[in-house]
Amino acid sequence: MDSENTEKQDGCTETVILESEKDCALFLKKGQLSETPPVPAEELPMTRGASTRRFTGLFRKALWIPVGLGALSGVFWAMTCLQDFDWDIGHIASGSLWFTLAMLCWILGFAGTAALMIPARRVRQYRFPETGLGETFTGFLAAALFGVHALRQVMTAFTTAPSSAAAINTAALSKLAAGCLFLAALYFLCVGLGRRGILMTVLSMGGAVSMMLVLFRDYFQFDLPLNSPVRNLSMLAYAALLLFFLAETRVHVDLWYTGVPFTVLANVSVFLLTGAYGLAEVILAIAGYTQFSMMEGAAFLGTAGLAFFRLKKLPLLIGDHLPPPPTEDEVKKAAKKKQK
C-alpha cells in the first residue's frame, strides 16, 4: 500500500516522498506523449518504489568499488612510471606488471559502472545536489588548488617563449586555456558556498569550456610523443573533468533531462581517471619527477573528493522514473497528426 511522507529541508521547502511497494517507473512508447505535468522536476513528489529501492541498495554497496579501484590504479600507474617507464622514448617497458594491474583496475571499474547503468535507467533525479560538510570542504579545497594551478599555468604561459622547433605556435591557445581554468576554480568555490541559479549554470559551462581548451592545448604540445601513455592519461584525466562539468551543467539547466546513468558515469570517471592520475602525479612529484605537477595532482584529488560526495548524496535525490513532459513542438506535431 502506498503512503505519503513530507520532509522539511532548509527550514522552509518541503519534499514530498511517495513510498510505494510496486515499481512505479514509467517509459514512453514510440510516438507517445508524456502526461507528466509541465512543472519543474524539483516541484514534483518523488515516488520511491521498487525501482528506486533496488537501485539505491545496490548503489550504496557498489559506490566504494570504483573509489578503491581508482586509488589502486593511481598507485599502480605511479609504480609503472617509477619502475617500468623509459623516459628517453616516452613509453612503458614491454610486459610491465604494474601497468597491467593499472589497466585491469580501470577495466573493472568501467565494466562495473556500465553494469550499474542498467538499473540506473529506471530512476530519475528530482532534486538538486545538497551541499553538506563534505561538499563544502572538497569544493573549497578544489577551488583553492585549481586557483593556484591556474595561476601557475598563466605565469608559465605568459613567461615561456614558444619552442622554435614546434610545428604550430600554440602560445595564444596556452594563454587562453590557462586563464579559463579560473572558471573551474570559481565553480568549485560556488559549490562550497552552496550557490544555485543562473550563475552556477554559466560557471559550470565555463568549466566545461576550460577543460576543452586544455585538451586542445595539450594535443598540440609535443613534449612527449603523441602516443605516449603519460600524454594520453593526462588528456583522459581532463576529459573526465569535462564529463563532470557537463553533468553539473545538465543539473542546473533542467533536472527533467538529467540522466542518472550519465551522472554516475561522469562522477565515476573522475574517480577512475582524474583522481587516479592525480594520486600518481602527487606520488611522482614527491619522488622528484619534475615533469609532474604536485599542484595539478592535488587539484585532481580535490575534484575526485567532490565527485565522491556528489554520488554519495545521489540516493537522496532520486525516485522512480517518470518521462519528461512533452515539448511545445511535440504537442503541435501530435495535434497535427490528430487533425489528419
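This text gives an overview of the structure that appears in the document. All figures in this text were calculated on a predicted structure; none of them were measured in a lab.

1. A few points about the packing of aromatic side chains
Under the counting rule described, the total for this entry stands at 16 aromatic pairs. For the ring pair Phe-188 and Phe-244, a centre distance of 6.3 Å and an interplane angle of 35° mean the geometry is tilted. Note that Phe-188 is positioned in helix 5 (residues 171-193) and Phe-244 in helix 7 (residues 229-253), a separation of 56 residues in sequence. Within the aromatic cluster, the residues linked to one another by ring pairs are Phe-146, Tyr-187, Phe-188, Phe-244 and Phe-245. Taking the ring centre of Phe-27 as reference, the NZ or CZ of Arg-121 above it sits at 4.3 Å.

2. Regarding the packing of helix 3 (residues 97-120) against helix 8 (residues 260-286)
The interhelical angle for the contact between helix 3 and helix 8, taken along N-to-C directions, is 165°, at an axis separation of 9 Å. In this view, helix 3 runs roughly antiparallel relative to helix 8, as classed from their interaxial angle. For the crossing formed where helix 3 meets helix 8, the hand is right-handed. Between helix 3, through Trp-106, Gly-109, Phe-110, Thr-113, Leu-116, Met-117 and Ala-120, and helix 8, the contact on the second element is made entirely by Val-260, Pro-261, Val-264, Leu-265, Val-268, Ser-269, Leu-272, Leu-273 and Ala-276. Residues belonging to the contact of helix 3 with helix 8 are distributed by class as follows: 13 nonpolar, three polar and no charged.

3. Digging into the nonpolar core
The biggest cluster of nonpolar side chains holds 68 residues, and the ones touching the most others in it are Trp-77, Phe-146, Phe-188 and Met-211. Sort the elements by how many residues they give to this core and helix 8 lands first, with 11 residues. Excluding anything up to four places from it in sequence, Phe-146 contacts Leu-181, Ala-184, Ala-185, Phe-188, Met-211, Leu-241, Ala-299, Phe-300 and Thr-303. Ala-41, Phe-128, Val-251 and Trp-256 belong to the second-largest nonpolar core, a separate cluster that totals nine residues.

4. Here's the deal with a positive patch on the surface
Residues Lys-332, Lys-333, Lys-336, Lys-337 and Lys-340 make up a contiguous surface patch of positive charge. Positionally, Lys-337 belongs in helix 10 (residues 328-339).

5. A short note on the environment of Arg-127
Along the chain, Arg-127 falls in the loop between strand 6 (123-125) and helix 4 (133-159). Through-space distance from the C-alpha of Arg-127 to that of Ile-318 is 7.1 Å; in sequence the pair is 191 residues apart. Beyond its immediate chain neighbours, meaning those up to four positions away, Arg-127 contacts Thr-15, Val-16, Ala-41, Glu-42, Glu-43, Leu-44, Pro-45, Met-46, Leu-255 and Leu-317.

6. Structural notes on the pattern of salt bridges
With the rule as written, the count across this model stands at seven salt bridges. Here Arg-122 ties to Asp-23 by a salt bridge, and the two come within 3.1 Å at their closest N and O atoms. With a gap of 99 residues between them, Arg-122 in the loop between helix 3 and strand 6 and Asp-23 in the loop between strand 2 (13-19) and strand 3 (46-48) connect regions that are remote in the sequence. Taking the relative accessible area as the measure of exposure, Asp-23 reaches 34% and is therefore partly exposed. Across the pair Glu-130 and Arg-196 runs a salt bridge, and its minimum N-O distance is 3.3 Å. Of this pair, Glu-130 sits in the loop between strand 6 and helix 4 while Arg-196 sits in the loop between helix 5 and helix 6 (198-219), and the two are 66 residues apart along the sequence. What emerges from the salt-bridge pattern is a single network uniting Asp-23, Arg-54 and Arg-122.

7. Observations regarding helix 7
Relative to the 36 Å expected for 25 residues at 1.5 Å per residue, helix 7 spans 36 Å between its end C-alpha atoms, a close match to the ideal helical length. Of all 25 residues in helix 7, 18 are buried; the element is thus mostly enclosed.

8. Examining the environment of Pro-323
On the secondary structure map, Pro-323 appears in the loop between strand 7 (318-320) and helix 10. Classification of Pro-323 by relative accessible area gives buried; the value is 8%. Sequence-wise, Pro-323 and Gly-74 are 249 residues apart; in three dimensions their C-alpha atoms are separated by 39 Å. Look past the residues within four positions of Pro-323 in its chain and what remains in contact with it is Leu-26, Leu-28, Ser-34, Thr-36, Arg-124 and Trp-256.

Quick notes on the rules
Residues numbered from 1 in each chain as written. Predicted model: local features only at pLDDT ≥ 70, side-chain atom pairs only at ≥ 80, totals over all residues. Heavy atoms only, no water. Phe/Tyr/Trp six-rings, centres within 6.5 Å; stacked < 30°, edge-to-face > 60°. Helix = DSSP H or I, 4+ residues; strand = E, 2+ residues; numbered from the N terminus. Lys NZ or Arg CZ within 6 Å of the ring centre and 35° of its normal. Axes fitted to C-alpha atoms, helices over the stretch in contact; angles between N-to-C directions. Parallel < 35°, antiparallel > 145°, perpendicular 65-115°, else oblique. Left-handed = near helix turned anticlockwise from the far one by under 90°. Contact = heavy atoms within 4.5 Å. Nonpolar A, V, L, I, M, F, W, Y, C, P; charged D, E, K, R; others polar. Core = buried A, V, L, I, M, F, W, Y, C linked by side-chain atoms within 4.5 Å. Buried < 20%, exposed > 50% of the residue type's maximum accessible area, 1.4 Å probe, protein only. Patch = residues over 30% accessible without salt bridge, like charges linked within 9 Å, V, L, I, M, F, W, Y side chains within 5 Å. Areas by Shrake-Rupley, 256 points an atom, 1.4 Å probe, with all protein chains shown as cover. Salt bridge = Lys/Arg side-chain N within 4 Å of Asp/Glu carboxyl O. Lys, Arg positive; Asp, Glu negative; His and termini not counted. Charge placed at Lys NZ, Arg CZ, Asp CG, Glu CD. Expected span 1.5 Å × (residues − 1).

Honestly, it's all geometry; don't read function into it.
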